[in-house]
Amino acid sequence: MRRHGRPVLGAIAGLFFGVFLAFDLLAFKAVASDSPLLLVLPVAMLIVGIVLGVWAPLRRGPAPLAPATPAAPTTD
Amino acid sequence: MRRRFVSVAALLIGLIGCFLMVTAAPAAAVFTENQIGCQGSAVITADDGTTTSVDAKDASVKLPGSGSAKWSGAITTTTHNHSGEVKLKLAVFDIGLGSWGPSKNAGNASTASGTKKIPSALKQVPVGKYVLSGFHRGDEGGCAGHMTVELDGSPTSNAAGIVSLAGTVLTGALMALAAMARAAKGAVR
């Protein structure tokens, strides 16, 4: 069975992650306001978000084991 | 799962780092053209009384969040029918901050000066390095250049900085959630 994540959530979260990350880089003076990175990051993160959502590389932990059903008594 | 998450995060950080190294440019004030001998200077007085002197040729300027600036400008060749503009460069866009002219300059003025209070709205602008560009052009020629203005303060000194940091953490967590495989319908465990 093919695994899949949440591409729509990934796209929206990626876009905003890129916008906020761009603001952080500006606020921490890592880039100046004329850097094209401020425009590239949101677009790049939008694509990364979609890819991560489709690819779904992170696995959830193993599902809890179902309680063992007692064996039916055998009558001989 | 943690190892995969770390590798994906490391890949993203590496890509951003490479891009930063490639696109990083030194902060500098540059006259891209100056046929008419444009000069300018300012003395910025912060609210706490500290003063900063700025010249148009300075590499970068540190601007306090509040205070006032006493500025003066001059041109060695008097221009007529002139105009000019100062713009903020944001990514690939230019945002106009102020303009003057067109003016005939019938009085042959070659100097201007004044005092400008730093707008209080500047306190809410995220700290950072902002690139300003400007020009002055008339019949006799013109000058143009750009300068890096550094807004002083901590990244978390205003609401915009705090919201930005919190937003990064929240949307980063949402991206991790989106990258998490969900159980397919009808899957047999």
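Residues numbered from 1 in each chain as written. Chains lettered and ligands numbered in written order. Predicted model: local features only at pLDDT ≥ 70, side-chain atom pairs only at ≥ 80, totals over all residues. Heavy atoms only, no water.

## Focus on the side chain of Ser133(B)
Residue and element names in this part refer to chain B. For the record, the criterion: Every helix listed is a DSSP run of H or I at least four residues long, and every strand listed is a run of E at least two residues long, numbered separately from the N terminus. Only protein chains enter the accessibility calculation, which uses a 1.4 Å probe; a residue is then buried when its area is under 20% of its type maximum, exposed when over 50%, and partly exposed in between. In what follows, residue pairs with any heavy atoms lying within 4.5 Å of each other are defined as contacts.
As for its position among the elements, Ser133 is in strand β9 (residues 128-138). Classification of Ser133 by relative accessible area gives buried; the value is 13%. With sequence-adjacent residues up to four places away left out, Ser133 is seen in contact with Glu85, Val86, Lys87, Lys89, Gly145 and His146.

## Re the confidence of the model for chain B
All names here are of chain B. Worth spelling out the cut-off: Confidence scores per residue from the predictor, reported as pLDDT, run from 0 to 100.
Summarising the model, chain B shows a mean pLDDT of 81, and 80% of its residues fall at 70 or more. Taken element by element, chain B is modelled with least confidence in helix α1 (residues 2-23), mean pLDDT 52, and with most confidence in helix α2 (residues 159-178), mean pLDDT 94. Taken together, the stretch residues 18-27 has pLDDT below 50 and engages in nine contacts with residues farther than four places along the chain or on a different chain.

## Regarding the interface of chain A and chain B
Which entries qualify depends on this criterion: Reported buried area values correspond to the accessible surface (1.4 Å probe) lost by two parts on association, with both partners' losses combined. Salt bridges are defined as contacts in which a side-chain nitrogen from Lys or Arg sits within 4 Å of a carboxyl oxygen from Asp or Glu.
Each partner contributes to the interface: chain A provides 43 residues, whereas chain B provides 44 residues. For the chain A face of the interface with chain B, the top three residues by lost area are Lys29(A), Ser33(A) and Leu58(A), together amounting to 18%. Remark: the boundary between chain A and chain B carries one salt bridge. Put simply, Glu150(B) and Lys29(A) hold a salt bridge, and the shortest N to O gap is 3.4 Å.

## Some points on the environment of Phe16(A)
Residues and elements named next belong to chain A. Here Phe16 is to be found in helix α1 (residues 7-27). For Phe16, a relative accessible area of 43% puts it in the partly exposed group. C-alpha separation for the pair Phe16 and Leu46, spaced 30 residues apart in sequence, amounts to 8.0 Å.

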